[in-house]
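A structural walkthrough
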Amino acid sequence: MIPHDETKFEVVPINNNNNSTGKNESVIFVEQFVKDVCDFSSQYGSNISISYTAYNVAGNPSKFPDYGDFPQAFVMRTYGPWWNKAPSRLEDYMIQNNESVISQDYIDVEYYQEVYPIRISIYETYNPGSVVGIWVQNPSGQWFQLWNGPPQFVPQRPRIFSPPLKTCHFKTKMVRLEFNHDLLDYYTELDAVLLIGTSELIMPRNHMYHQNLSNLLQELDCNGYNEDIYNLTPDYLKANQDLTILKKMFHKYCILYNSRIMDNISKGKLVTTLEQHCHSVPPIEEAFNSLQEFLQEEFPKLIREMHLSSSSPICRISLPNDKTVLSTLNSIDSRPCGSFSALPDETVLKILRNLDLKTLCRLCRVNRHFSNIARDALLYTSLNLKPYWYCLNDHALKHLIPRCQYLQRLDLSWCGNYNMISDRDLVDFIHSCGSLLTHLRLNCCRFINDMVILEVSRICKNLKELCLRNCMGITSDGFSKLEKLQCLERLELYGTAIETSILCSILRKNPQMRHLNLAGMHDRLNVDEVAIELGNSCLQLESVDFWKAQTLTPHGVRALARCVNLREVDFGWCGGMGAPGDSLRALLSSCRYLEKVFLAALRGLTDRDLEPLLLCQRLQQLDLLGARSLTPDMCYGFLLWCPKLEMIDLSFCEGITDSKIQEWRQKYPHISFKRSFQANGTDLL
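Residues numbered from 1 in each chain as written. Predicted model: local features only at pLDDT ≥ 70, side-chain atom pairs only at ≥ 80, totals over all residues. Heavy atoms only, no water.

- As recorded in an unreviewed UniProt entry, the chain goes by F-box domain-containing protein and comes from Vespula pensylvanica.

1. A word on the pattern of salt bridges
- Per the stated rule, a full pass over the model turns up 29 salt bridges.
- In this structure, Lys-85 and Glu-646 form a salt bridge, with 3.5 Å as the shortest nitrogen-oxygen distance. Placement of the pair is Lys-85 in helix H1 (residues 82-85) and Glu-646 in the loop between helix H21 (632-641) and strand S23 (647-649), with a sequence separation of 561 residues.
- Residue class for Glu-646 comes out partly exposed when judged on its relative accessible area of 24%.
- Between Glu-110 and Lys-173 there is a salt bridge, with the nearest N and O atoms lying 3.6 Å from each other. Residue Glu-110 is found in strand S5 (residues 105-126), and its partner Lys-173 is found in strand S9 (residues 172-179); the two are separated by 63 residues along the sequence.
- Residue Glu-110 is classed as buried on the basis of its relative accessible area, which comes to 17%. (Salt bridge = Lys/Arg side-chain N within 4 Å of Asp/Glu carboxyl O. Helix = DSSP H or I, 4+ residues; strand = E, 2+ residues; numbered from the N terminus. Buried < 20%, exposed > 50% of the residue type's maximum accessible area, 1.4 Å probe, protein only.)

2. Focus: the sheet that holds strand S24 (residues 672-674)
- Within the open sheet, the twelve strands sit side by side as S13-S14-S15-S16-S17-S18-S19-S20-S21-S22-S23-S24. Their pairing is parallel. Among the strands making up the open sheet, the edge pair consists of strand S13 (382-384) and S24. Here the strands of the sheet are splayed against their neighbours by 5° on average, with no regard to which way each runs.
- Pairing between strand S15 (residues 439-441) and strand S16 (residues 465-467): three bridges, direction parallel. When the bridges of S16 are listed, Arg-441 appears paired with Cys-467. (Pairing = 2+ DSSP bridges. Axes fitted to C-alpha atoms, helices over the stretch in contact; angles between N-to-C directions.)

3. Re helix H19 (residues 583-590)
- For H19, the full list of buried residues reads Ser-583, Leu-584, Leu-587 and Leu-588. Within H19, the buried residues cover an arc of 125° as seen down the axis, which keeps them to one side.
- In the core, the buried residues of H19 are packed alongside helix H18 (554-559) and helix H20 (607-610). (Arc of directions from axis to C-beta. Contact = heavy atoms within 4.5 Å.)

4. With respect to the nonpolar core
- One finds Leu-385, Phe-546, Phe-571 and Leu-650 to be the most contacted residues of the largest nonpolar core, which totals 130 residues.
- Domain assignment of the residues forming this core places at least three in each of domain 1 (12-256) and domain 2 (499-684).
- Setting aside its immediate chain neighbours within four residues, Phe-571 contacts Phe-546, Leu-552, Val-557, Leu-560, Met-577, Leu-584, Leu-587, Phe-598, Leu-599, Ala-600 and Leu-602.
- If you look at the next biggest cluster of nonpolar residues, it comprises 30 residues, including Val-37, Tyr-111, Val-131 and Val-193. (Core = buried A, V, L, I, M, F, W, Y, C linked by side-chain atoms within 4.5 Å. Domains from an automatic or database assignment.)

5. Digging into the pairing of S5
- The element S5 is extensively covered by neighbouring structure, given that 19 of its 22 residues are classed as buried.
- Strand direction decides the pairing type here: strand S3 (residues 36-40) and S5, joined by four bridges, are antiparallel. Residue pairing across strands places Val-37 opposite Val-109, the latter belonging to S5.
- Across nine bridges, S5 lies against strand S10 (residues 189-198) in antiparallel orientation. The residue bridging Tyr-123 from the neighbouring strand is Ala-192, located in S10.
- Relative to strand S8 (residues 159-161), S5 is paired through three bridges, and the arrangement is antiparallel. Bridge pairing links Tyr-123 to Ile-160 in S8.

6. So, helix H17 (residues 527-537)
- Among the eleven residues of H17, eight are classified as buried, and the element is accordingly described as predominantly covered.
- For H17, the elements touching its buried residues are helix H16 (500-509), strand S18 (515-517), strand S19 (543-545) and H18.
- The N-capping residue of H17, defined by a side-chain oxygen 3.1 Å from the backbone nitrogen of Asp-528, is Asn-526. (Polar contact = N/O pair within 3.5 Å; in protein donor to acceptor, adjacent residues only side chain to side chain.)

7. Focus: the packing of aromatic side chains
- Taken as a whole and assessed by the stated rule, the structure comprises 25 aromatic pairs.
- Taking the centre distance of 5.6 Å and the plane angle of 85° together, the rings of Phe-64 and Tyr-236 count as edge-to-face. With Phe-64 in the loop between S3 and strand S4 (74-75) and Tyr-236 in the loop between helix H2 (213-220) and helix H3 (241-248), this residue pair connects regions lying 172 residues apart in the sequence.
- The class of Tyr-236 is partly exposed, set by a relative accessible area of 37%.
- Through successive ring pairs, a cluster of aromatic residues spans Tyr-44, Tyr-52, Tyr-67, Tyr-79, Trp-83, Tyr-126, Tyr-186, Tyr-187, Trp-547, Trp-573 and Phe-598.
- Of note, Arg-176 hangs over the ring of Tyr-106, and the distance from its end group to the ring centre comes to 3.8 Å.
- Looking at Lys-548, its charged tip hangs above the ring of Trp-573, at a distance of 5.1 Å from the centre. (Phe/Tyr/Trp six-rings, centres within 6.5 Å; stacked < 30°, edge-to-face > 60°. Lys NZ or Arg CZ within 6 Å of the ring centre and 35° of its normal.)

8. Details of the packing of H2 against H3
- Put simply, H2 and H3 touch, their axes get as near as 8 Å, and they point 100° apart. Between H2 and H3, the interaxial angle falls into the category roughly perpendicular. On H3, the residues touching Leu-216, Leu-217 and Leu-220 of H2 are Asp-242, Leu-243, Ile-245 and Leu-246. (Parallel < 35°, antiparallel > 145°, perpendicular 65-115°, else oblique.)

9. Focus on a nonpolar patch on the surface
- A surface patch of nonpolar side chains, amounting to about 270 Å² of accessible area, comprises Leu-378, Tyr-406 and Leu-436.
- One can find Leu-378 in the loop between helix H11 (368-374) and S13. (Patch = residues over 30% accessible without salt bridge, like charges linked within 9 Å, V, L, I, M, F, W, Y side chains within 5 Å. Areas by Shrake-Rupley, 256 points an atom, 1.4 Å probe, with all protein chains shown as cover.)

This is how it looks when you write it as structure tokens:
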């Protein structure tokens, strides 16, 4: 396999002191596919298989331009809105920190050679449209976003997704893709990711393109009008035709900036902390804009909702109009606070509680009055730092410590990887701010280790929720310390290495457990023993995720029947269940509150096993992928007797024809029928 292609040619220097060294220089156009997958948040495949795993995105495309469901592709765990509707869903806190589009998954990939990126092309071979962000990492380990956009409704056909990139002034070989699956009808699949870049920085010669090479390439694109503005290859054989034109007429369109010249340009001190991090808008101006928007749109609603008595000072203050807001904001500078100071501090705190973390930090730079209020610990009882994964470092974490003395809920998911935060830094933060924590999310924080878990178990005695998805740095010694916690109601261990005896001990100490996620676990975990412990100790259990647990058998399923409050179960791809016999009937008969039941790839499933599910009046989501013996009569029963049913997956159900699916779709338009498509008709099961 050829990792990358190079096109090299001489470039005549331009007579400009900023970009010429007085010698002929060469620029190389490099096209390369992924060398290695460094990190990811989820995958549909398991660690003991190559099907549907993240590592399938490495190398040249293997299926494109074919369209369909292929095991050789990279597939993530979720799609559509269904997981966010399930009983086990995680509610965001401090939601004002989130961008308008929330990233739900990511994958980090590495290439062979560092280049200045010109184009990143994503080969989507099934249900495209979920890519919402593209990031690159500089040589110092910091991340910069080259593109972001909303998820898209896209026709069901393969495409090469190549959104326009911002200018990148450094070389990189590390790329992160972010995804949002809300609009997907079914699982998305990626075949490959192509990085095209140059050995030297190039810029458009004509200033009409605003120094953005993507604008120039769009002008050079000869593919004609395309309804999908990001799909540059309606004819994939003509992919990157604009780059071919650019190479041939480079001197006409571009200026070459030699890397030795760029190295001499002062880059200054890169500011990455939350207190100092800013974009194109000046910090104080952005803070004013955020505050003004809140005062104009949300503040009147807040006043009406407060229902204070007429004696309250707030009721004697008239609601602000545009003129009042502008007058107030103009008075907020180094001089006294003006009319805004008429508001009691309690009211100002209610207002500031609706601002995002960056704006709160920037308000501290307005004046002393704002600084004191914006640092009040009551504004930091919940802290969602996941949206700041790209800039959160040890300095920013230490900076937040004085503000987090009343911290109760903390989300550090995706943060701290690539040595931006050390285990020692997090231990110090937990030691200072963790005594009141009830919710702690550390999903995909690869630096989490036994030392961190020890501090969590020692300090966070009131912890109700602990999420440790993909925290592979924790050993049995670390997990054993969690036995000290006795208030846990949610425990998420997706992809970790916890041992059976330790997990069972944790469950015995936490009888109020409501949500347990053991998806994608290693085969050393005896899920049958865990299920038995749940049936004995955790009778308030509401959701359990055993997805791809090969050690779950009918014996463990029967033990779970004692957890009569179950609302959600996922036994998908649990090959050890075989023919479930009466165990599944016993579970479904006992648990009448079930809302989500996923039984994907259980080959031995029969109509008789599923009959008790007809009595679950709250059933909303049902996954029966691969149930070969399933009959149309049983499916029709679900449509008739489950009035709240919203989604049913009947992929690879041999007894259900495509024509029957079409008939039901017309008759029951409020129900989403899922049906996997594969061009070659290959049976994945």
